[in-house]
Amino acid sequence: MQVLAHFLLITVCLSVTPSTALQCYTCQKTVKTVDRFTKEETETLQCTEDPADWTVETCSDEREFCRKGKGVISYSNVKYDRGCAIPEGSVEDSVEDTLDSGGNSICWYSLRKGGYRTGSVSCFCNTDLCNGGGMQVASYSMIIMFMLLVVLKYNV
């Protein structure tokens, strides 16, 4: 019985969290290039899939989600970006929306003629640091379910 009391206390502590602004990965890595003919120097944002290039930013607008974008310019030219943004997509895009069903993301996939995806995607999610790479973070509900299984198994 004491284990169940501890479990309930931990559950309450995990579910009562202070409301804070959303934190997202952002990419601020820039690369300087010099034009071959004009000799003009320009600085462009060059975000990659390498987490070493990312920093953490706190979103300033409560309507913002964490954004992760990939733009396919050509076969060998892909642009990535991350940061805070208000979700937006295009009517011509394919949408995968898990927000209404209890999920935390919505993605718009660009389509080419014939309805095939181009490889360009713009995804938005609403939990801290959810716009990282392929990493999955355990949610509080999964932790609670695991703890409940442990308690039930050892109290029976």
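The shown structure was predicted, so the numbers you read here are calculated from the model rather than taken from an experiment.

Glancing now at the pattern of salt bridges. The final tally for this structure, using the stated rule, is five salt bridges. The shortest N-O distance in the salt bridge between Asp53 and Lys29 comes to 3.9 Å. In this pair, Asp53 is assigned in the loop between β3 (41-45) and β4 (54-58) and Lys29 in the loop between β1 (23-27) and β2 (30-34), connecting sequence segments 24 residues apart. Note on Asp53: relative accessible area 17%, which makes it buried.

Turning to the sheet that holds strand β9 (residues 117-125), a few remarks are in order. Each strand in a sheet pairs with its neighbour through backbone hydrogen bonds, running either in the same direction (parallel) or in the opposite one (antiparallel). Judged by pairing direction, the sheet is antiparallel, and its five strands sit side by side in the order β6-β5-β9-β8-β7 without closing on themselves. Two strands close off the open sheet at either side, each with one partner strand: β6 (77-85) and β7 (94-97). Ignoring which end each strand starts from, the neighbouring axes of this sheet average 15° apart. Relative to β9, strand β5 (residues 65-74) runs antiparallel, the two sharing five bridges. If you follow Gly69 over to β9, its bridge partner there is Ser122.

The next thing to look at is the nonpolar core. Core analysis: the biggest nonpolar cluster contains six residues, these being Leu22, Cys24, Cys59, Cys66, Cys84 and Cys125. Other than its neighbours up to four places away in sequence, Cys66 contacts Leu22, Gln23, Cys24, Gly83, Cys123, Phe124, Cys125, Thr127, Leu129, Cys130 and Asn131. Core analysis: the next-biggest nonpolar cluster, separate from the first, contains five residues, Phe65, Ala85, Trp108 and Phe124 among them.

Turning next to the side chain of Arg67. Examined against the element boundaries, Arg67 turns out to sit in strand β5. In this structure, Arg67 is in contact with Asp81, Arg82, Gly83, Ala85, Ser122, Cys123, Phe124 and Asn131, ignoring residues within four places of it in sequence.

The full count for this structure, using the stated rule, is four disulfides. A sulfur-sulfur distance of 2.0 Å marks the disulfide that ties Cys107 to Cys123. Across the S-S bond of Cys107 and Cys123 the torsion is about 115°, and the bridge reads as right-handed. Of this pair, Cys107 sits in strand β8 (residues 105-111) while Cys123 sits in strand β9, and the two are 16 residues apart along the sequence. Of the two residues, Cys107 and Cys123, both sit in the buried class. Here Cys125 connects covalently by a disulfide to Cys130, the sulfurs 2.0 Å from one another. Every disulfide takes its handedness from the sign of the S-S torsion; for Cys125 and Cys130 that torsion is 95°, giving right-handed.

Parameters at a glance
Residues numbered from 1 in each chain as written. Predicted model: local features only at pLDDT ≥ 70, side-chain atom pairs only at ≥ 80, totals over all residues. Heavy atoms only, no water. Salt bridge = Lys/Arg side-chain N within 4 Å of Asp/Glu carboxyl O. Helix = DSSP H or I, 4+ residues; strand = E, 2+ residues; numbered from the N terminus. Buried < 20%, exposed > 50% of the residue type's maximum accessible area, 1.4 Å probe, protein only. Pairing = 2+ DSSP bridges. Axes fitted to C-alpha atoms, helices over the stretch in contact; angles between N-to-C directions. Core = buried A, V, L, I, M, F, W, Y, C linked by side-chain atoms within 4.5 Å. Contact = heavy atoms within 4.5 Å. Disulfide = S-S within 2.5 Å.

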